[in-house]
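Here is what each chain is made of, one letter per residue.
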Amino acid sequence: MTPDSLRAALGGVPDPDWLDTALRRVSTEPTAITRLFPAAGRRCGRAALPDAPGWTADDAARVLLLTSLPGEHAAYAERLYQHGDAAERRAVLRALPLLPIGADGVPLLHDAIRTNDTRLVAAALGPYARHLDQAAWRQAVLKCVFSGVPLATVADLDTRADGELTAMLAALAAERHAAGRELPADANDLLHRLTAALPQEA
């Protein structure tokens, strides 16, 4: 999603004037975001957006607030994440790929992946996860398997999956099979795809 598409999807929020004013305010008075960001859920609602599958109104409004900042995006993202509730933290994570911050937001991904909140884990593995090193990314994928986060939420899964991830999933599958359990269907499908792509021995 782009800021423009999110803005269009928010056309039916309960208080569009508040959102327009808030976005202008943040662009000229950045510190205002610390007050406006938490208020977005109350003023814009938390309903799912029909034109932005997987997004809620408060998520989209908060992402737009962050993208409206004139600078210091990484510093504000960290501050809002550290002081926010789960919904606010998720919005920060979803905003990261839209902010001009390079890899400065990676510590927030590490924090989210360590939590037991599946919403944060899923948000951390969106497009911005391209900044995670391969070892951390593999562990995050396994965290999804363990915690029930659908692998469909993992950006670039098929292009980043490698032999090491294949081995890790195979070991987990064997361990679960020995205990009379199976991998989730999406993890099992991924393992089959990865195994089929391995060079066949002569």
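So, here's what we can say about the structure.

The rules behind these values
Residues numbered from 1 in each chain as written. Predicted model: local features only at pLDDT ≥ 70, side-chain atom pairs only at ≥ 80, totals over all residues. Heavy atoms only, no water. Helix = DSSP H or I, 4+ residues; strand = E, 2+ residues; numbered from the N terminus. Contact = heavy atoms within 4.5 Å. Axes fitted to C-alpha atoms, helices over the stretch in contact; angles between N-to-C directions. Parallel < 35°, antiparallel > 145°, perpendicular 65-115°, else oblique. Left-handed = near helix turned anticlockwise from the far one by under 90°. Expected span 1.5 Å × (residues − 1). Buried < 20%, exposed > 50% of the residue type's maximum accessible area, 1.4 Å probe, protein only. Polar contact = N/O pair within 3.5 Å; in protein donor to acceptor, adjacent residues only side chain to side chain. Nonpolar A, V, L, I, M, F, W, Y, C, P; charged D, E, K, R; others polar. Phe/Tyr/Trp six-rings, centres within 6.5 Å; stacked < 30°, edge-to-face > 60°. Lys NZ or Arg CZ within 6 Å of the ring centre and 35° of its normal. Salt bridge = Lys/Arg side-chain N within 4 Å of Asp/Glu carboxyl O.

This next bit is on the side chain of histidine 73. Position of histidine 73 among the secondary structure elements: in helix H5 (residues 73-83). When residues no more than four places from it in sequence are discounted, the contact partners of histidine 73 are Leu66, Thr67, Leu99, Pro100 and Ile101.

Turning to the packing of helix H11 (residues 163-178) against helix H12 (residues 185-196), a few remarks are in order. Geometrically, a packed helix pair is captured by the angle between its two axes and the distance between the axes. Packing of H11 against H12 brings their axes to within 10 Å, and their N-to-C directions diverge by 130 degrees. Considered as vectors, H11 and H12 are oriented oblique to each other. The two elements H11 and H12 cross, and the hand of that crossing is left-handed. The residues of H12 that touch H11, namely those facing Thr166, Leu169, Ala170 and Ala173, are Leu190, Leu191, Leu194 and Thr195.

What follows is about helix H9 (residues 134-147). In this model H9 runs 20 Å from its N-terminal to its C-terminal C-alpha over 14 residues, within 8% of the 20 Å that 1.5 Å per residue would give. Of all the residues in H9, the buried ones are Ala136, Trp137, Arg138, Ala140, Val141, Leu142, Lys143, Cys144 and Val145. Its buried side turned inward, H9 meets helix H7 (106-114), helix H8 (118-124), helix H10 (157-160), H11 and H12. Its side-chain oxygen 3.1 Å from the backbone nitrogen of alanine 135, aspartate 133 forms the N-cap of H9. Looking one or two residues past H9, glycine 148 carries a phi angle of roughly 85 degrees, positive in sign.

Let us now look at the packing of helix H6 (residues 86-95) against H7. Contact geometry of H6 with H7 gives a least axis separation of 11 Å together with a crossing angle of 135 degrees. With respect to H7, the axis of H6 lies oblique. Along this stretch, H6 crosses H7, giving a crossing that reads as left-handed. Contacts between H6 and H7 involve Arg89, Val92 and Leu93 on the former and, on the latter, Leu108, Leu109, Asp111 and Ala112. Looking at side-chain class alone, the contact of H6 with H7 contains five nonpolar, no polar and two charged residues.

On to the packing of aromatic side chains. Following the criterion strictly, the structure yields zero aromatic pairs and no others. The aromatic ring of tyrosine 81 is capped on one face by arginine 89, whose charged end is 4.6 Å from the ring centroid. For the cation-ring pair, arginine 94 lies above tryptophan 55, with the distance from its terminal atom to the ring centre recorded as 3.8 Å.

This brings us to the pattern of salt bridges. Where side chains of opposite charge bring their charged atoms close, a pairing between them can arise. With the rule as written, the count across this model stands at 12 salt bridges. A salt bridge links arginine 193 to aspartate 158; the nearest nitrogen and oxygen atoms lie 2.9 Å apart. Taken together, the residues span a long stretch of sequence, with arginine 193 in helix H12 and aspartate 158 in helix H10 at a distance of 35 residues. A cluster of three or more residues bridged by salt bridges with shared partners is formed by Arg25, Glu29 and Arg35.

What follows deals with the environment of leucine 151. Tracing the backbone shows leucine 151 in the loop between H9 and H10. Distance in space between the C-alpha atoms of leucine 151 and alanine 48 is 21 Å, their sequence separation being 103 residues. Those residues in contact with leucine 151 that sit more than four places away from it in its chain are Val141, Cys144, Val145, Leu157, Asp186, Ala187 and Leu190.

With that settled, consider the side chain of arginine 89. Within the fold, arginine 89 resides in helix H6. Among the polar contacts made by the side chain of arginine 89, one reaches the main-chain carbonyl oxygen of glutamine 82 at a distance of 3.3 Å. Apart from residues lying up to four places away in sequence, arginine 89 is in contact with Tyr81, Gln82, Gly84, Asp111 and Leu120.

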